[in-house]
Amino acid sequence: MLKGIDISHHNKYQFVDGTIKFSDHDFIMMKATEGRGFEDPMMETYVKALLPDQLYGFYHFARPDRNDPYEEAKNFCSVVGEYGYGAMLALDWEAQAVKCDINWAIEWLNEVEKKYGKKPMFYCSSYYTKKIGKVLENNNGLWVAHYTKADKPKVYTYPFYAMWQYTSSPYDKDYFNGNRNTWMKYVNC
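Note that the structure is a prediction, hence the values are computed from the model and not measured. (Residues numbered from 1 in each chain as written. Predicted model: local features only at pLDDT ≥ 70, side-chain atom pairs only at ≥ 80, totals over all residues. Heavy atoms only, no water.)

Caption draft 1: Expanded view of the packing of aromatic side chains. In the structure shown here, the tally under the stated rule is 18 aromatic pairs. With a centroid separation of 5.7 Å and an interplanar angle of 75°, the aromatic rings of Y56 and F58 are classed as edge-to-face. The two residues Y56 and F58 agree in class, both being buried. Here the guanidinium or amino end of K130 rests over the ring plane of Y156, the centre of that ring lying 4.8 Å away. The ring of Y171 carries the charged tip of K173 above its face, separated from the ring centre by 5.2 Å. (Phe/Tyr/Trp six-rings, centres within 6.5 Å; stacked < 30°, edge-to-face > 60°. Buried < 20%, exposed > 50% of the residue type's maximum accessible area, 1.4 Å probe, protein only. Lys NZ or Arg CZ within 6 Å of the ring centre and 35° of its normal.)

Caption draft 2: Structural detail: the pattern of salt bridges. Counted under the stated rule, the structure contains six salt bridges. Note that R66 and D65 form a salt bridge whose closest N and O atoms lie 4.0 Å from each other. The closest approach of N and O atoms between K114 and E111, which form a salt bridge, is 3.0 Å. Of this pair, K114 and E111 both sit in helix α4 (residues 102-116), three residues apart, roughly one helical turn. With a relative accessible area of 63%, K114 lands in the exposed category. Put simply, K31, E34 and R63 are held in one network by salt bridges that share partners. (Salt bridge = Lys/Arg side-chain N within 4 Å of Asp/Glu carboxyl O. Helix = DSSP H or I, 4+ residues; strand = E, 2+ residues; numbered from the N terminus.)

Caption draft 3: Summary view of the pairing of strand β8 (residues 163-167). For β8, a buried count of five out of five residues is recorded, marking the element as mostly surrounded by other parts of the structure. Alignment of strand β7 (residues 142-145) against β8, held across three bridges, turns out to be parallel. Residue pairing across strands places V144 opposite W164, the latter belonging to β8. The sheet contact formed by β8 and strand β9 (residues 173-176) spans four bridges and is antiparallel. Across the sheet, residue T167 finds its bridge partner in β9, namely K173. (Pairing = 2+ DSSP bridges.)

Caption draft 4: How the structure looks around the side chain of S8. Checked against the element boundaries, S8 lands in the loop between β1 (2-7) and α1 (12-16). Accessibility expressed as a relative area gives 5% for S8, which makes it buried. Setting aside its immediate chain neighbours within four residues, S8 contacts K31, D40, Y46 and Y59. (Contact = heavy atoms within 4.5 Å.)

Have a look at this one:
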């Protein structure tokens, strides 16, 4: 099992003051975009701070209540650019998104797959996995949020999780359910 973190511009000060040290983690997931026009202002800084051979990925915070999935996929692919080919990719489905049609997520996932030739992961809460049978049918990996190290998350419709966000304190921390070789299978390198 690999240990990692997922970070965004919200973690800027923890990164600058040294609370977040990339050397303490096997992988780093970075927010790239949100909606159809937001670019995370810290993404490039985080990319440049990656250690040689460090595993990394990018995620997009979905806004299906406001936008078309194709516009949001285009924003994500444009911002991630060439970095995406060597990275784990994911769609963050929370907040208002959980009230929206899951078909929106399928459209986004498929558009990003067309660009990069690999299936992005789908991030959601453990409870919400009851509602994502279509994502499982689409064969996307699961990144699940369940904030307790004591109990592994229930994933209901999924046979297993690929990644588990187990805490948000003092910042989001994750386990990857596998080793480096397993990670690279998701990345398709």
